[in-house]
Amino acid sequence: MDTSGPWTRASGATGLLTDGIARPTVFARISARAAQTGAANLGQGFPDTDPPHKAAAAAIAAIRAGHNQYPPGAGEPVLREAIALHQQRRYGLDWDPAGEVLVTTGATEALAATVLALVEPGDEVVTLEPFYDQYAALIALAGGVHRTVPLRIAPGADGDLATTVDAAELRSAFGPRTRMVIVNSPHNPTGAVLDREVLVAIVEEAVRHDALIVTDEVYEHLTYGPAHVPIATLPGARERTVSISSAGKTFSVTGWKIGWVTAPSPLVTAITGTKQWLTYTSGAPFQHAVAVGLRMPDEAIAGIADDLRERRDLLVAGLRSVGFTVGVPEAGYFVVADTAGLGEPDAEALCERLPTEAGVAAIPLTAFYRPGSAESAAAGSLLRLAFCKDRPTIELALERLAGWSGR
């Protein structure tokens, strides 16, 4: 099912309907339900842990130092320099902070400005499916055509859920009208880290069809096994890649809304031309704080991932004990769990009931699929649950689920 036109219902979670009226997303609705019922919210992916002390103290210091007015449209120089240094130190990518780095209001605005700047009506945009719901909405708003490649979720040899991408299917999604491929690795909602074979296939097809590569790398530091490989580091990729990341997930500061783009200067210029009509600029004191965060030692950032790994393992073990079949994520904030073994084949209906019945909120995985697709039907019994919460919240949710499963 292709999606085109600015008011097409591209995803059950986008909030864009054919009548042109915005509706609350499933994330907002489930979080509101959790607040109303006192449910432990493992649905929406916002952490309830504190940011690193250095970053928080830097935000306070920046406010007291008077950094409270509009920063430059491209971002504070101190942050652009920190982003460029971070990319060079960790990945060997050299970007000019003056013309190849753009600070945005989170990765959300970076993605919006990029798609709206670079996609024309009728252009095709390739993503994996399931996909972060914003992608479908932006493609529709730009008048683009959404092509998807299945990221299949099924029990592996060990009985856990595993994810696979078929390179041949990926290659077949590209065609003469392909303008862009959006690469989300580490992946939301599954926590998969795309292997090198898949990344190479993406680059080769992008080169063959003269397409742009746009990456969503907001979980780049939160990996628990295979290391994150930025696609811009692969041969032939840098000159056609817009890399997007943010501070929110890494530093537990999703409310600061500080993201960034790194790309060749002509692409940054085009994206800036759209961004200036969105927010123009934002978050002056937080930009200074994120610059401090990005300059923290690598081991400090690794410690954040280690702590999240422990919370992942806590949630995975607890869900198994309740009777869920789970996938063990390689990265990110989320665990995918299958409810079919508990006699619940319809995860969407279950998520509407869980806050009241069990005192727990979760998101149905179908929110990340095109409505009515074969892939969506296959995911009908799958939930996404967040482990970016503090341990007492996770433990409370597991205790409540254990009681609920013994209905």
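The name that an unreviewed UniProt entry assigns to the chain is Aminotransferase class I/II-fold pyridoxal phosphate-dependent enzyme, with the source organism given as Brachybacterium epidermidis.

Chemist: Give a detailed account of the pairing of strand 11 (residues 334-338), specifying residues and quantitative values.
Modeler: Taken across its five residues, strand 11 has five buried, putting it largely inside the fold. Across the two faces of strand 11 the burial is the same, with Phe334, Val336 and Asp338 and Val335 and Ala337 all buried. With two bridges connecting them, strand 10 (residues 325-326) and strand 11 associate as antiparallel partners. In the sheet register, Val326 faces strand 11, and the bridge partner there is Ala337. Across five bridges, the pairing between strand 11 and strand 14 (residues 382-386) is antiparallel. Of the residues in strand 14, the one forming a bridge with Phe334 is Ala386.

Chemist: Break down a nonpolar patch on the surface for me, citing the residues and quoting the values.
Modeler: On the surface, a nonpolar cluster with roughly 230 Å² of combined accessible area is contributed by Leu116, Leu141 and Leu278. Tracing the chain through its elements places Leu141 in helix 5 (residues 133-141).

Chemist: Please give an account of the packing of aromatic side chains that cites residues and values.
Modeler: The final tally for this structure, using the stated rule, is seven aromatic pairs. For the pair Trp256 and Phe286, a centre-to-centre distance of 4.8 Å together with 20° between the ring planes defines the contact as stacked. In this pair, Trp256 is assigned in the loop between helix 8 (248-251) and strand 9 (259-262) and Phe286 in helix 10 (residues 284-294), connecting sequence segments 30 residues apart. A relative accessible area of 25% places Phe286 in the partly exposed class. Members of the aromatic cluster, each reached through a chain of ring pairs, are Tyr219, Tyr333 and Phe334. In this structure, Arg238 is placed above the aromatic ring of Trp95, and the distance from its NZ or CZ to the ring centre is 3.9 Å. The aromatic ring of Phe46 is capped on one face by Lys389, whose charged end is 3.6 Å from the ring centroid.

Chemist: Explain the layout of surface pockets to me, using residue names and the numbers behind them.
Modeler: The gaps of empty space that remain are located by a probe, the size of a water molecule, rolled over the atoms. Looking at the largest pocket, its volume works out to about 650 Å³. Contributing elements (two or more residues each) for the lining of the largest pocket: helix 1 (26-37), helix 4 (106-118), helix 5 and helix 8. If you tally residues by element for the lining of the largest pocket, the top one is helix 4, at four residues. Of the residues in the lining of the largest pocket, the class split is twelve nonpolar, twelve polar and five charged. Volume-wise, the second largest pocket comes out at about 370 Å³. The wall of the second largest pocket is formed by 22 residues, among which Ala162, Thr163, Thr164, Ala192 and Glu330 lie closest to the centre. Going through the elements one at a time, strand 4 (145-155), strand 5 (161-165) and helix 7 (196-208) are the ones with two or more residues in the lining of the second largest pocket. Here the lining of the second largest pocket gets five residues from one element, more than from any other, and that element is strand 5. For the lining of the second largest pocket, the class distribution of residues is 13 nonpolar, five polar and four charged.

Criteria and thresholds
Residues numbered from 1 in each chain as written. Predicted model: local features only at pLDDT ≥ 70, side-chain atom pairs only at ≥ 80, totals over all residues. Heavy atoms only, no water. Buried < 20%, exposed > 50% of the residue type's maximum accessible area, 1.4 Å probe, protein only. Helix = DSSP H or I, 4+ residues; strand = E, 2+ residues; numbered from the N terminus. Pairing = 2+ DSSP bridges. Patch = residues over 30% accessible without salt bridge, like charges linked within 9 Å, V, L, I, M, F, W, Y side chains within 5 Å. Areas by Shrake-Rupley, 256 points an atom, 1.4 Å probe, with all protein chains shown as cover. Salt bridge = Lys/Arg side-chain N within 4 Å of Asp/Glu carboxyl O. Phe/Tyr/Trp six-rings, centres within 6.5 Å; stacked < 30°, edge-to-face > 60°. Lys NZ or Arg CZ within 6 Å of the ring centre and 35° of its normal. 1 Å grid on protein atoms, 1.4 Å probe; cavity = no way out; pocket = protein on both sides within 12 Å on 5 of 7 lines; lining within 4 Å. Points joined across faces, edges and corners; volume = space filled by probe spheres on them. Nonpolar A, V, L, I, M, F, W, Y, C, P; charged D, E, K, R; others polar.

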